[in-house]
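# Coordinate analysis (summary)
Listed below are the residues making up each chain.
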Amino acid sequence: MNLLIFSRPGVRIYQELRSSETAWNALRFYEHLEIPVGIIIRISSLSAALSLASDLKYFVRRYGADHLFEITPGVYCTPAVVNSWYVTRQPLVDPWPWKIWYWVKGDGDIEKYDVYKGSFTFTDNRTMGGYVFEVHCSEEEYQVLRFL
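The model shown is predicted, which means the values in this text are computed figures rather than measured ones.

Check the secondary structure of the chain and you find six helices and nine strands. Counting over 148 residues, the chain shows a buried share of 41%. Of all intrachain contacts in the chain linking residues separated by at least 6 positions in sequence, the fraction that spans at least 24 positions is 64%. When the accessible surface of the chain is summed, it comes to about 8500 Å², and 50% of that surface belongs to carbon and sulfur atoms.

It is worth spelling out the state of the cysteines at this point. Chemically, a disulfide is nothing more than a covalent bond linking the sulfur atoms of two cysteines. With the rule as written, the count across this model stands at zero disulfides. Cys 77 takes part in no disulfide bond, and the closest cysteine sulfur, belonging to Cys 137, lies 9.5 Å away. Residue class for Cys 77 comes out buried when judged on its relative accessible area of 0%. For Cys 137, a relative accessible area of 0% translates into the label buried.

Turning our attention to the nonpolar core. Judged by nonpolar contacts, the single largest core of 27 residues is most densely connected at Leu 3, Ile 5, Leu 17, Ile 39, Ile 41, Leu 52 and Leu 56. When residues of this core are traced back to their parent elements, those giving at least two are strand E1 (2–7), helix H1 (13–19), helix H2 (21–27), strand E3 (38–42), helix H3 (46–55), helix H4 (57–63), strand E4 (64–72) and helix H5 (79–88). Here the element with the most residues in this core is H3; it accounts for six residues. The residues contacting Leu 56, other than those within four sequence positions of it, are Ile 5, Leu 17, Ala 23, Ala 26, Leu 27 and Ile 41. Residues Phe 6, Ile 100, Val 104 and Val 135 belong to the second largest nonpolar core, which totals 15 residues.

The next thing to look at is the layout of surface pockets. Estimated volume of the largest pocket: approximately 160 Å³. Lining the largest pocket are 13 residues, and of these Val 81, Ser 84, Trp 85, Leu 92 and Trp 96 lie nearest its centre. In terms of residue count, the dominant contributor to the lining of the largest pocket is H5 (five residues).

Listed as buried for H3 are Leu 46, Ala 48, Ala 49, Leu 50, Leu 52 and Ala 53. For H3, the elements touching its buried residues are E1, H2, E3, H4, E4 and H5.

This part covers the side chain of Ser 7. By the secondary structure assignment, Ser 7 is in strand E1. A distance of 3.4 Å separates the side chain of Ser 7 from the backbone oxygen of Val 11, its partner in a polar contact.

Quick look at the pairing of strand E2 (residues 31–35) now. As paired strands, E2 and E3 are joined by five bridges and run antiparallel to one another. Considered in E3, the bridge of His 32 is made with Ile 41. If you look at the hairpin formed by E2 and E3, you'll find two residues sitting between the two strands.

Note on pairing: side chains with opposite charge can pair once their charged atoms come close. Going through the model one piece at a time under the given rule, you end up with six salt bridges. A salt bridge links Arg 12 to Glu 34; the shortest N-O distance between them is 2.9 Å. Here Glu 34 lies in strand E2 and Arg 12 lies in the loop between E1 and H1, a separation of 22 residues in the sequence. Given the relative accessible area of 31%, Glu 34 is considered partly exposed. One salt bridge in this structure joins Asp 114 and Arg 146, with 3.4 Å as the shortest N-O distance. Of the two residues, Asp 114 sits in the loop between strand E7 (110–113) and strand E8 (126–127) while Arg 146 sits in helix H6 (residues 139–147), which places them 32 residues apart along the sequence.

Calculation criteria
Residues numbered from 1 in each chain as written. Predicted model: local features only at pLDDT ≥ 70, side-chain atom pairs only at ≥ 80, totals over all residues. Heavy atoms only, no water. Helix = DSSP H or I, 4+ residues; strand = E, 2+ residues; numbered from the N terminus. Buried < 20%, exposed > 50% of the residue type's maximum accessible area, 1.4 Å probe, protein only. Contact = heavy atoms within 4.5 Å. Areas by Shrake-Rupley, 256 points an atom, 1.4 Å probe, with all protein chains shown as cover. Disulfide = S-S within 2.5 Å. Core = buried A, V, L, I, M, F, W, Y, C linked by side-chain atoms within 4.5 Å. 1 Å grid on protein atoms, 1.4 Å probe; cavity = no way out; pocket = protein on both sides within 12 Å on 5 of 7 lines; lining within 4 Å. Points joined across faces, edges and corners; volume = space filled by probe spheres on them. Polar contact = N/O pair within 3.5 Å; in protein donor to acceptor, adjacent residues only side chain to side chain. Pairing = 2+ DSSP bridges. Salt bridge = Lys/Arg side-chain N within 4 Å of Asp/Glu carboxyl O.

Set out below in structure tokens:
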């Protein structure tokens, strides 16, 4: 399982986490990697991922644009889905009925879409100077995005 935190435009969240003793003490136990759109942190369990996300909440809100959980390679979920999964202990339905697509542009801006845009290519999640992530979301998140 991985925790993916997107940086705000113009901010390198990795550097901000590294400069904070509190955040760095929380991260020192985990393998982490700076990526062009933020930071990815490898975590062994769902409960540890939720705990770390909670510990870093201040930094995610201040320096990050959003965060996702990668539950298996290439399968990303919003915090709402992961929290629900943790509480109910029910396996996730396959195929997942509610999906949104995050397009993280090269400058760090994030655009969310409720339908697949045909112009996106999923070669290594990179497209048009950014990255595209297919994300499992809750029904409520999907409905809200459709009305925006």
